[in-house]
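Below are the chains, spelled out letter by letter.
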2 protein chains.
Amino acid sequence: MSQHRPPGAPERPVAVPALPDLPEATVARLPEYLRALHNLAENGHETVSSEWLAGAAGVNSAKLRKDLSHLGSYGTRGVGYDVALLIDQIEYVLGLTQRRSVALVGVGNLGHALAGYDGFATRGFRIAALFDADPVRVGEEINGLVVRHVDELSRVATEESIAIGVIATPAAAAQRVADRLVAGGVTSILNFAPCVLTVPDGVDVRKVDLAIELQILSFHEHRKASRTALPAVGEAALPPLPGSLAATNPQEAIGT
Amino acid sequence: MSQHRPPGAPERPVAVPALPDLPEATVARLPEYLRALHNLAENGHETVSSEWLAGAAGVNSAKLRKDLSHLGSYGTRGVGYDVALLIDQIEYVLGLTQRRSVALVGVGNLGHALAGYDGFATRGFRIAALFDADPVRVGEEINGLVVRHVDELSRVATEESIAIGVIATPAAAAQRVADRLVAGGVTSILNFAPCVLTVPDGVDVRKVDLAIELQILSFHEHRKASRTALPAVGEAALPPLPGSLAATNPQEAIGT
DNA sequence: CGCGATTTGTGCGTGTCTTCACAAGCGCTT
DNA sequence: AAGCGCTTGTGAAGACACGCACAAATCGCG
Ligand SMILES: NC(=O)c1ccc[n+]([C@@H]2O[C@H](COP(=O)([O-])OP(=O)(O)OC[C@H]3O[C@@H](n4cnc5c(N)ncnc54)[C@H](O)[C@@H]3O)[C@@H](O)[C@H]2O)c1
Ligand SMILES: NC(=O)c1ccc[n+]([C@@H]2O[C@H](COP(=O)([O-])OP(=O)(O)OC[C@H]3O[C@@H](n4cnc5c(N)ncnc54)[C@H](O)[C@@H]3O)[C@@H](O)[C@H]2O)c1
């Protein structure tokens, strides 16, 4: 996804801490550290050890130190990290020093909840526009914002310099919406619809899918159950699932 | 997280395809395959090639084949995979052959959206109970379910054999709720609150955090911007971030 | 019945991520 | 000023994941 090297940046090992090439895994953890740090700051702590911070973020302390070392941040040996400094560094690297504008598309069940969520504002984002296709919803005012028609999406996205688009429409409409976002110059999309989006190179898509999370949990449930229930015949662990047998007959009684 | 080996199952390489030890990465992709397969089935397709299915799921075809090979599923060389058979196999492995009961705790902004979401039912889950702490909300009926008081959580969870708990309360209450879920025998938790939960061994927690997703996107936005704006002096690529300096000065100019 | 077209299953090289373990650095105390 | 305890930063090894490329298997057709 981020493998392309635009010929404009010919591999110059810039010495200044412009933007280090962080491992994706590290990037995904930085926000967690950031939240823990904010909690610490609110409670008046000025320094924190890697051990403590790692605990608060739920990770191994060596991993945390390596993560932080990647962004060149210097803690002090024997003491720990300066909380305020670390917050500034992480926020800088994550690009949170400028408040990014978010467009929310699809003001239905989920969209309403998102529109009313204060977690946007408190974490460096600003909902700049709401869109929907339903004429009934267009014009509705939510949290001081008027819902606009999705036909205006591309134009408004350009005008308002929307940085991130959030898709909360049914899956059937998601690709169309994504296309419009891209047409409006949006290069980052957060997709709540259960479908795979196709976007040009250079556009990042992240997906949040409740059902997938539940199914992953279900797998572990299933495995736990089959472990503890090995001796007994209960649970669905024994049906040998002969592999070559016909596909029919999942006789385990789903209602649906 | 799943490192513990309960002494009941002493490493016996069971020959029957009880439950293969799937790599986590594979488990996370299976639900995606499953959805693509359901789409195919609805459209009347009976077989599908790895290439096609991989495209629909947005992954490499070799990866898909390896994933499927892990669960012992057999496609037919020269033909592809039997759609219906594959659906059954994946659903079996994910433990979706039995409908799992879900308890939703915190019926606020987000909780309402979740409670009204039909994606639960269509993907093998059943919302069995709703809980909240606010006396105003307790007693409210949503989608045929009456909101109960969170004090009943542990008891009801046990009685109704709740398999998965979904936490949609403010972060401050999440740990307490998690404790009650665990007390009620729940061993899988999906947490929407922005905080780290501490749970006993054997309990799985997955977290969905909107703000983290946005911040990851923000990072990539930032990096894209700094790449294209290298020649100029604009953008925040040059300020050497002296380490002790404040983080102000968001004077960046997105050119879109 | 054999052959070519097609597609699966997988061995293997490569890269990324994680974790351990420890030297180097820092500050406090004596 | 030297010693000591504590914590960071990182080398190295292992675990995991990815994707290429190809042999093996199957089908359809002549
Ligand atoms: N409700 C939830 O809790 C929940 C949870 C997880 C995922 N999701 C997913 O989020 C999406 C939205 O869910 P929901 O429950 O809010 O559905 P919803 O039907 O309540 O809302 C969808 C909204 O999108 C609008 N819409 C439809 N087509 C559009 C288009 N082309 N352009 C702009 N807007 C359009 C509709 O008018 C409607 O207002 C779905 O894909 C759903 O699967 C929902
Ligand atoms: N609203 C969103 O779109 C959104 C998006 C992402 C994450 N979240 C997170 O989801 C959580 C809920 O968000 P929300 O917007 O629905 O908040 P909300 O305040 O609207 O709802 C929270 C609900 O939890 C209930 N509650 C409080 N303490 C409780 C307890 N101890 N036991 C049971 N219930 C309790 C409250 O009565 C309220 O009904 C928050 O942690 C929030 O950060 C929300």
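Per chain, residue numbering runs from 1 following the sequence as it is written. As a convention, the first chain written is A and the first ligand written is 1, with the rest following in written order. Local features in this predicted model are restricted to residues whose pLDDT is 70 or higher, and side-chain atom pairs enter the listing and the counts only when it is 80 or higher, whereas totals over whole chains, interfaces and linings include all residues. The basis for every side-chain value is the complete set of non-hydrogen atoms in the structure, without hydrogens or water.

Overview of the site of ligand 2
Neighbouring ligand 2 are 24 residues, the closest being Tyr117 of chain A together with Asn109, Leu110, Asp132 and Thr169 of chain B. The local environment of ligand 2 is shared, drawing residues from chains A and B. Under the rule applied, a polar contact is a pair of N or O atoms within 3.5 Å (in protein, one hydrogen donor and one hydrogen acceptor; residues adjacent in sequence only if both atoms are side-chain atoms). One nitrogen or oxygen atom from the main chain of Asn109 of chain B is found 2.8 Å from an oxygen atom belonging to ligand 2. The separation between an oxygen atom of ligand 2 and a polar side-chain atom of Asp132 of chain B is 2.5 Å. Against a free-state accessible area of 810 Å², the protein chains account for coverage of 81% of ligand 2. The set of elements that each furnish at least two residues to the shell around ligand 2 consists of α5 (109-115) of chain A together with α5 (109-115) and α8 (171-183) of chain B. By the convention adopted, Pro, Cys, Tyr, Trp, Phe, Met, Ile, Leu, Val and Ala count as nonpolar, Lys, Arg, Asp and Glu as charged, and the other residues, Gly among them, as polar. Of the residues assigned to the shell around ligand 2, the class counts are 17 nonpolar, 4 polar and 3 charged. Only a single heavy atom is needed: when it lies within 4 Å of a molecule or strand, its residue is near that molecule or strand. To be clear on the numbers: accessible area is Shrake-Rupley with a 1.4 Å probe, and residue cover counts the displayed protein chains and nothing else. Counting from the N terminus, the helices are DSSP H or I runs at least four residues long and the strands are E runs at least two residues long.

Observations concerning the side chain of Thr169 of chain A
Residues and elements named next belong to chain A. Tracing the backbone shows Thr169 in the loop between β7 (164-167) and α8 (171-183). Accessible area is worked out with a 1.4 Å probe on protein chains only. A residue is then buried under 20% of its type maximum, exposed over 50%, and partly exposed in between. Looking at Thr169, the relative accessible area reads 15%, which means it is buried. Residue contacts are defined here by distance: any two heavy atoms, one from each residue, within 4.5 Å place the two residues in contact. Once residues within four sequence positions are removed from consideration, Thr169 is found in contact with Val105, Gly106, Ala174, Val177 and Ala193.

Some points on the nonpolar core
Among buried residues, the Ala, Val, Leu, Ile, Met, Phe, Trp, Tyr and Cys ones that are joined through side-chain atoms within 4.5 Å form a nonpolar core. Formed by 99 residues in total, the largest nonpolar core has its most connected members in Leu37 and Ile90 of chain A together with Leu37 and Ile90 of chain B. Discounting residues that sit within four places of it in the chain, Ile90 of chain B has contacts with Leu30, Tyr33, Leu34, Leu37, Leu68 and Leu71 of chain B.

So, the protein's contact with DNA strand C
By nearness alone, 27 residues border DNA strand C, and Arg77 of chain A together with Ser50, Arg65, Gly75 and Tyr81 of chain B come closest of all. In DNA strand C, atoms within 4 Å of the protein come from the sugar-phosphate backbone in 64% of cases. A distance of 2.5 Å separates a phosphate oxygen of DNA strand C from a polar atom in the backbone of Ser50 of chain B. Secondary structure elements with two or more residues in the surface near DNA strand C: α1 (24-42) and α3 (61-70) of chain A together with α3 (61-70) of chain B. Residue contributions to the surface near DNA strand C peak at 4 residues, all from α3 of chain A. Among the residues forming the surface near DNA strand C, the class breakdown is 7 nonpolar, 11 polar and 9 charged.

Focus: the protein's contact with DNA strand D
In the vicinity of DNA strand D, 27 residues are found, and the nearest of them are Ser50, Arg65, Gly75 and Tyr81 of chain A together with Lys66 of chain B. Per the 4 Å cut-off to the protein, sugar and phosphate atoms form 65% of the nearby atoms of DNA strand D. Contacts to DNA strand D include Arg65 of chain A, whose side-chain N or O atom sits 2.8 Å from a base nitrogen. Within the contact set of DNA strand D, a base oxygen lies 2.3 Å away from a side-chain nitrogen or oxygen of Lys66 of chain B. Those elements giving two or more residues to the surface near DNA strand D turn out to be α3 of chain A together with α1 (24-42) and α3 of chain B. With 4 residues, the top contributor of residues to the surface near DNA strand D is α3 of chain B.

Re the domain arrangement of chain A
An automatic or database domain assignment supplies the residue ranges for each domain. Taken as a whole, chain A is organised into domain 1 (24-93) and domain 2 (100-210). Taking only C-alpha atoms into account, the centre of domain 1 of chain A sits 31 Å from that of domain 2 of chain A.

What about unusual backbone geometry?
Residue and element names in this part refer to chain A. Non-glycine residue Asn143 carries a positive phi angle of around 55°. Assignment of secondary structure puts Asn143 in the loop between β5 (141-142) and β6 (145-149). With a phi close to 50°, Ser161 is a non-glycine residue in the positive phi region. The residue Ser161 is located in the loop between α7 (153-159) and β7 in this model. For Ser161, a relative accessible area of 29% corresponds to the partly exposed category.

Details of the sheet that holds strand β8 (residues 188-191) of chain A
All names here are of chain A. Pairing between strands requires that DSSP locate at least two bridges from one strand to the other. The 7 strands are arranged β5-β6-β4-β3-β7-β8-β9 in an open sheet whose pairing can be described as mixed. This sheet does not close on itself; its edge strands, each paired only once, are β5 and β9 (204-207). Relative to β9, β8 is paired through 4 bridges, and the arrangement is parallel. Its bridge partner being in β9, Ile189 is matched across the sheet by Val205. Axes here refer to lines fitted to C-alpha atoms; in helices the fit is confined to the stretch in contact. Angles between the N-to-C directions go from 0 to 180 degrees. Against the sheet, α8 makes contact with β3 (100-105), β7 and β8, and its axis sits at roughly 170° relative to β7, the strand it touches most.

Looking at the environment of Gly108 of chain A
Residues and elements named next belong to chain A. Structurally, Gly108 is set in the loop between β3 and α5. We classify Gly108 as buried; its relative accessible area is 18%. Taking the C-alpha atoms as reference, Gly108 lies 16 Å from Asp209; in sequence the two are 101 residues apart.

A few points about α1 of chain B
A helix is expected to span 1.5 Å multiplied by its residue count minus one. A rise of 1.5 Å per residue sets the reference length of α1 of chain B, with its 19 residues, at 27 Å; its end C-alpha atoms lie 28 Å apart and thus fit the reference within 8%. The sharpest bend along α1 of chain B reaches about 25° and sits at Leu30 of chain B, with the proline Pro31 of chain B one to four residues further on. Taken residue by residue, α1 of chain B has Thr26, Val27, Arg29, Leu30, Pro31, Glu32, Tyr33, Leu34, Arg35, Ala36, Leu37 and Leu40 of chain B as its buried positions. In this structure, the buried residues of α1 of chain B make contact with β9 and α9 (210-228) of chain A together with β1 (47-48), α2 (50-57), α3 and α4 (83-93) of chain B. One or two steps after α1 of chain B, the chain reaches Gly44 of chain B, where phi turns positive at roughly 85°. Bend is the name given here to the angle between axes fitted to two runs of seven residues, the run ending at a residue and the run starting at it.

As for the site of ligand 1
In the vicinity of ligand 1 lie 24 residues, with Asn109, Leu110, Asp132 and Thr169 of chain A together with Tyr117 of chain B positioned nearest. Residues close to ligand 1 are split across chains A and B. In the model, an oxygen atom of ligand 1 is placed 3.0 Å from a nitrogen or oxygen of the Ala113 of chain B main chain. Between Tyr117 of chain B and ligand 1, the recorded distance is 2.9 Å, taken from a side-chain N or O atom to an oxygen atom. Look at ligand 1: alone it shows 810 Å² of surface, and the protein chains cover 81% of it. Every element with two or more residues in the shell around ligand 1 is listed here: α5 and α8 of chain A together with α5 of chain B. The biggest single contributor to the shell around ligand 1 is α8 of chain A, with 3 residues. For the shell around ligand 1, the per-class residue count stands at 17 nonpolar, 4 polar and 3 charged.

Topic: α2 of chain B
Residue and element names in this part refer to chain B. Where α2 is concerned, the buried positions are Ser50, Leu53, Ala54 and Ala57. Buried residues of α2, seen end-on, are gathered within an arc of 100° and therefore sit on one face of the element. The exposed residues of α2 that point more than 90 degrees off its buried face are Glu51 and Gly55. Where the residues of α2 are buried, they touch α1, β1, α3, β2 (81-82) and α4. Backbone geometry just after α2 places Gly58 at a positive phi near 75°. This arc is built from the directions going out from the helix axis to the C-beta atoms.

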